[in-house]
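The chain contents come next:
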Amino acid sequence: MLNPDSSGHATTPGLYIRYNTGNGFAPAQLFTFLPDWGTWSRDGDTHDNAVRLGDMDGDGRTDVVLFHGLLRNGAEFPVWRGSHDDFGGATILFAQGGYQEVKGSNAPNWAFDTWYYSQLGDFNGDGRTDIVSFHGHTAKDSDTTELRYYEQGGSSRDSSDLLIAVSDTPKEAVAAKWPREQISYSSVWSSEGRGAAYTGPEATFPVARVHAGGMAVVRAVESTVGVVDASSEDDINARKRRIEYSFDHPMQDLQGRGFLGFGRMTVWDSQKVSETVTRFDNTTVAADASRPGVHWYPKAGLAQSTRTATAVWENNPPKAGQDALEKVRVSYTDHDYENVSLNHSTTHYTRAKSSALPEANTRTYEWEEPASFDGLLVHSDNAHPRTHIYDLQWASGPGAATHFRLTKAASQADAYNNITRSETAVEGKDSSEDGGLTRTVTEYDTDPARIGSWLLSLPKKSTTTKSELVGAPSGDKTSVNTVGYSYDDQGRPTKQEVNKDAADADLRSTTTTGYGDHGEIIWTKAEASTAGTKPRETHYSYAPLAGLPDERIYPTQVWSTRTDPADQAKRPSAWTLTHPSFGTVSKTADINGVTASFVYDDLDVISLGQSAETYEGRGDGCEGKEVFRLSLVAAMQAAAAG
């Protein structure tokens, strides 16, 4: 809440802000003094006709615009935020500090108060706030009365958003000179910079282009993890991993659907000399003829194509001043989608286009070729938006490159969008270089009772075929494996059977699972059909240690049983103390006396791990083991209580 006041708050009048706390408004705070507000405001009155609010520099904050004419009555010109000139026009007071003047006519016969009718708005559709002003003559001569339009041509001010960077330097590392990781943000979305010429697809109503401003995006991620024995800050800067991001072609919907995302994203890894460009379709509009005015954007946010180019070198990596790369490995992937309408076309979703090989909904081409290199993004022949590696094909066929591989993927889904068929085939330049085929067909439990309980995605059986042959998989170059699934009334898996009907016993196995009263897993049992193979059974206990809540979320003991009584002494058993809020393991111990403790930093990264081994010769019995377990539990309870 902004309040222009000439007398109520201070001897010198000013603008006061009452910030919205979410539960009312805070007490008024002075934004700027306005000396002689009563003498230079329109007709000598104190009011807010001359005050406008808007984001004038694209930083996401609301700025204050004061419209004023030339002074009269010998008044002293007001001074605010450093502005001191006497002129008719506007003064912009930026929320993050500083000011900017927009000067109009200073002719003395121009009406004093006409600037007070000025308004703010985006009048050219470029996403920036402009000014329209009424200019009238004191003689009321219609020939000298006009509207003037002041277009914002972009701001040279620092318009970074509130969030600039996030780093994870540990608090205990007070002497650290650099963070392990740092994420940098900016409201300048593209490497092209603010105000660069637009080179993307044309936008037609209801789609409109968005110019950078306000929203902060990730522009760089730096990591020093793995860098050891750094001698100086210059050394760490030269060796740290830095990934840069650039976003272009942002679009918005003018009929209420808001921001539609970017049409292009570029990721640059200078250390690997690798660049990935992903294109998005954020302009295609879908509509329902039976429902006028209803439209949506089925492909917004979905990758249309992705191209990754990585330089290949033998000795030294490319340098910034280098302008050519002898060999670049290129991978290009494109996707096909389909729109699915539900509930009599009232809802919609987009999925991979239904297909079966040899048709595909995703294709990945890989090849090698020479390319141009622009390390500083300054080459005049590098088309906008510029990339570091350019002059590349967007796709390549078998005859267009020295190396070639094509990976096709196809899939089909049921009415609940469960994938019922998934296939992948790898083709080389000829059949001798083919990489084989993988196909998985899945059947789902569509019993009405399951559907009525919203258990829509329970697979009953999956069959996976793998073959060295792409065209017609068969014979000894092909394998087929099946997995069957069983569930209880609540949809929890109780049994998994692998190759149940296989003639070869070595291929068959079964895994069963048991649950407690709260749905927690309390035991699993794995059995193989191979003769002489003993089943493996694992049990989980959730009995709380002293001082910890009985939530039955994290097991406190895991042990295995043996079918042969003589093997009971050798059964594995381990205890774990888990933090109930963070889920991090604090201490572990097993029945052999091996213990470990862990300390974490603020990001749940292990900063200290200690272990102690107290192995003693194991006898055939388990004498002494129960005494050890009890003493161990007592120690862990004490640790939990402390």
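Remember, it's a predicted structure, so these values are computed and weren't measured experimentally. (Residues numbered from 1 in each chain as written. Predicted model: local features only at pLDDT ≥ 70, side-chain atom pairs only at ≥ 80, totals over all residues. Heavy atoms only, no water.)

### Some thoughts on the overall build of the chain
Phase 1: Check the secondary structure of the chain and you find 4 helices and 39 strands.
Phase 2: In the chain, which comprises 642 residues, the proportion classed as buried is 36%.
Phase 3: Considering only contacts within the chain whose residues lie at least 6 apart along the sequence, 46% involve residues at least 24 apart. (Helix = DSSP H or I, 4+ residues; strand = E, 2+ residues; numbered from the N terminus. Buried < 20%, exposed > 50% of the residue type's maximum accessible area, 1.4 Å probe, protein only. Contact = heavy atoms within 4.5 Å.)

### Topic: the pairing of strand β36 (residues 573-578)
Phase 1: Taken together, the 3 bridges between strand β35 (residues 557-561) and β36 define a ladder with antiparallel strand orientation. Pairing of Gln 557 across the sheet is with Trp 575, part of β36.
Phase 2: When β36 meets strand β37 (residues 585-590), the two strands line up antiparallel, connected through 5 bridges. The residue bridging Thr 576 from the neighbouring strand is Thr 588, located in β37.
Phase 3: Joining the antiparallel neighbours β36 and β37 is a turn of 6 residues, in which Gly 583 adopts a positive phi near 75°. (Pairing = 2+ DSSP bridges.)

### What about the nonpolar core?
Taken as a class, soluble globular proteins show a tendency for nonpolar side chains to be buried jointly.
Phase 1: Among the nonpolar cores identified, the biggest contains 16 residues, and Leu 325, Val 328, Tyr 365, Phe 373, Ile 389 and Leu 392 are the most heavily contacted of them.
Phase 2: Listed in part, the 9 residues of the second largest apolar core include Met 56, Phe 67, Ala 90 and Phe 94. (Core = buried A, V, L, I, M, F, W, Y, C linked by side-chain atoms within 4.5 Å.)

### Re the sheet that holds strand β7 (residues 99-103)
Phase 1: The sheet built from 4 strands is open, its strands ordered β4-β5-β6-β7 with antiparallel pairing. With one partner strand each, in any of the chains shown, β4 (51-54) and β7 form the two edges of the open sheet. Within this sheet the neighbouring strands show an average axis-to-axis angle of 20°, counted without direction.
Phase 2: In this sheet, strand β5 (residues 63-68) lies alongside β4 in antiparallel orientation, the contact comprising 4 bridges. If you follow Arg 52 over to β5, its bridge partner there is Val 65. (Axes fitted to C-alpha atoms, helices over the stretch in contact; angles between N-to-C directions.)

### A few points about the pattern of salt bridges
Phase 1: Evaluated as defined, the whole model comprises 16 salt bridges.
Phase 2: With its nearest N and O atoms 3.1 Å apart, the salt bridge here joins Glu 222 to Lys 240. Of this pair, Glu 222 sits in strand β14 (residues 217-223) while Lys 240 is found in the loop between α2 (233-239) and β15 (241-253), placing the two residues 18 residues apart along the sequence. A single burial state applies to Glu 222 and to Lys 240, both of which are buried.
Phase 3: For the salt bridge of Arg 363 with Asp 336, the shortest nitrogen-to-oxygen distance reads 2.9 Å. Pair noted here: Arg 363 is in strand β24 (residues 362-373) and Asp 336 is in the loop between β21 (324-335) and β22 (337-342), with a separation of 27 residues, a long-range link. (Salt bridge = Lys/Arg side-chain N within 4 Å of Asp/Glu carboxyl O.)

### What to know about the pairing of strand β26 (residues 404-413)
Phase 1: The pairing of β24 with β26 spans 6 bridges and is classified as antiparallel. Looking at β26, one finds that Thr 362 is bridged to Ala 409.
Phase 2: Taking the residues between adjacent antiparallel strands as the criterion, β26 and strand β27 (residues 419-427) are bridged by 5 residues, where Asn 417 takes a positive phi near 65°.

### Here's the deal with the confidence of the model for the chain
Phase 1: Confidence along the chain averages 79 in pLDDT terms, with 74% of residues attaining 70 or more.
Phase 2: Long-range and interchain partners of residues 107-112, a stretch whose pLDDT sits below 50, account for 22 contacts in this model, where long-range means more than four residues apart. (pLDDT = per-residue confidence, 0-100.)

### Quick look at a nonpolar patch on the surface
Phase 1: Together, Tyr 117, Phe 134 and Leu 147 line one region of the surface with nonpolar side chains, adding up to about 310 Å² of accessible area.
Phase 2: Tracing the backbone through its elements, the reader meets Phe 134 in strand β9 (residues 130-135).
Phase 3: On the basis of relative accessibility, which here comes to 31%, the residue Phe 134 falls in the partly exposed class. (Patch = residues over 30% accessible without salt bridge, like charges linked within 9 Å, V, L, I, M, F, W, Y side chains within 5 Å. Areas by Shrake-Rupley, 256 points an atom, 1.4 Å probe, with all protein chains shown as cover.)

### Things to note about unusual backbone geometry
Phase 1: Note that the residue after Phe 205, namely Pro 206, is joined by a cis bond; omega there is 10°.
Phase 2: Its location among the elements puts Pro 206 in the loop between β12 (181-186) and β13 (207-209).
Phase 3: We note that Trp 454 has phi near 65°; this positive angle belongs to a residue other than glycine.
Phase 4: Looking at the secondary structure, you find Trp 454 in the loop between α3 (448-452) and β29 (459-467).

### Considerations on the side chain of His 388
Phase 1: In this structure, His 388 sits in the loop between β24 and β25 (389-390).
Phase 2: Given the relative accessible area of 7%, His 388 is considered buried.
Phase 3: If we ignore the near neighbours within four places in the chain, the residues touching His 388 are Trp 268, Glu 275, Ser 372, Phe 373, Asp 374, Gly 375 and Leu 377.

### Some remarks on the environment of Thr 464
Phase 1: Examined against the element boundaries, Thr 464 turns out to sit in strand β29.
Phase 2: For the pair Thr 464 and Val 480, spaced 16 residues apart in sequence, the C-alpha to C-alpha distance is 5.7 Å.
Phase 3: If we skip the residues at most four places from it in the chain, Thr 464 touches Thr 438, Arg 439, Thr 440, Ser 479, Val 480 and Asn 481.

### Here we look at the environment of Thr 362
Phase 1: Looking at where Thr 362 falls in the secondary structure, it is placed in strand β24.
Phase 2: Separated by 57 residues in the primary sequence, Thr 362 and Ser 305 have C-alpha atoms spaced 9.5 Å apart.
Phase 3: Setting aside its immediate chain neighbours within four residues, Thr 362 contacts Thr 333, Asp 334, His 335, Thr 407, Lys 408 and Ala 409.
Phase 4: There is a polar contact of 3.4 Å between the side chain of Thr 362 and the side chain of His 335. (Polar contact = N/O pair within 3.5 Å; in protein donor to acceptor, adjacent residues only side chain to side chain.)

### Section: the side chain of Thr 278
Phase 1: Positionally, Thr 278 belongs in strand β17 (residues 274-280).
Phase 2: Not counting residues up to four positions away in its chain, the partners in contact with Thr 278 are Gly 263, Arg 264, Met 265, Ala 303, Ser 305 and Thr 306.

### Some thoughts on the packing of aromatic side chains
Phase 1: This model, assessed by the stated rule, comprises 7 aromatic pairs.
Phase 2: Measuring from ring centre to ring centre gives 6.5 Å for Trp 189 and Phe 259, while their planes differ by 50°; the resulting arrangement is tilted. Taken as a pair, Trp 189 in the loop between β12 and β13 and Phe 259 in strand β16 (residues 258-269) lie far apart in primary sequence, 70 residues in all.
Phase 3: In this structure an aromatic cluster arises from ring pairing among Trp 189, Phe 247, Phe 259 and Phe 262.
Phase 4: Over the ring of Tyr 198 we find Arg 209; its NZ or CZ atom is 4.4 Å from the centre of that ring.
Phase 5: Taking NZ or CZ as reference, Arg 492 lies 4.6 Å from the ring centre of Tyr 515, over its face. (Phe/Tyr/Trp six-rings, centres within 6.5 Å; stacked < 30°, edge-to-face > 60°. Lys NZ or Arg CZ within 6 Å of the ring centre and 35° of its normal.)

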